[in-house]
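What follows is the residue order along each chain.
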Amino acid sequence: MSINGSIQVAGQRIQVGKVHARKLVSVALDEHTITVYDADSPLTAVPRRSTTDLNRTKAKHQITATAR
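Residues numbered from 1 in each chain as written. Predicted model: local features only at pLDDT ≥ 70, side-chain atom pairs only at ≥ 80, totals over all residues. Heavy atoms only, no water.

J.: Explain a nonpolar patch on the surface residue by residue, including any values.
T.: Taken together, the side chains of Val27, Leu29 and Leu54 present a nonpolar region at the surface, about 210 Å² in accessible area. Among the secondary structure elements, leucine 29 is positioned in strand E3 (residues 26–29). Taking relative accessible area as the criterion, leucine 29 reaches 32% and is therefore assigned partly exposed. (Patch = residues over 30% accessible without salt bridge, like charges linked within 9 Å, V, L, I, M, F, W, Y side chains within 5 Å. Areas by Shrake-Rupley, 256 points an atom, 1.4 Å probe, with all protein chains shown as cover. Salt bridge = Lys/Arg side-chain N within 4 Å of Asp/Glu carboxyl O. Helix = DSSP H or I, 4+ residues; strand = E, 2+ residues; numbered from the N terminus. Buried < 20%, exposed > 50% of the residue type's maximum accessible area, 1.4 Å probe, protein only.)

J.: Tell me what's going on with the confidence of the model for the protein chain, and back it up with residues and numbers.
T.: Atomic detail in the predicted coordinates should be set aside for any region of low pLDDT. Residues of the protein chain with pLDDT of at least 70 account for 78%, and the chain-wide mean is 80. Of all secondary-structure elements in the protein chain, the lowest mean pLDDT belongs to strand E1 (residues 6–9), at 86, while strand E5 (residues 41–47) reaches the highest, 92. (pLDDT = per-residue confidence, 0-100.)

J.: Residues and numbers for the environment of isoleucine 3, please.
T.: Looking at where isoleucine 3 falls in the secondary structure, it is placed in the segment before E1. When the C-alpha positions of isoleucine 3 and lysine 18 are compared, they lie 7.2 Å apart, and in sequence the two are 15 residues distant. Apart from the residues within four sequence positions on either side, isoleucine 3 is in contact with Ala21 and Arg22. (Contact = heavy atoms within 4.5 Å.)

This is how it looks when you write it as structure tokens:
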């Protein structure tokens, strides 16, 4: 997620909020909705405007675990 708390999925920008900025989230695409999850709790569900299939995935700011 970006520093301003938004994410772009299937050509649609979704605003989740600055509280969730830079967090790793999961996205579920349904036929009519896009749902953004933080762990197991849903953050937001928005109507899906695009009817095209999702044909590629791209992630930025991936979090990697470091061994201590």
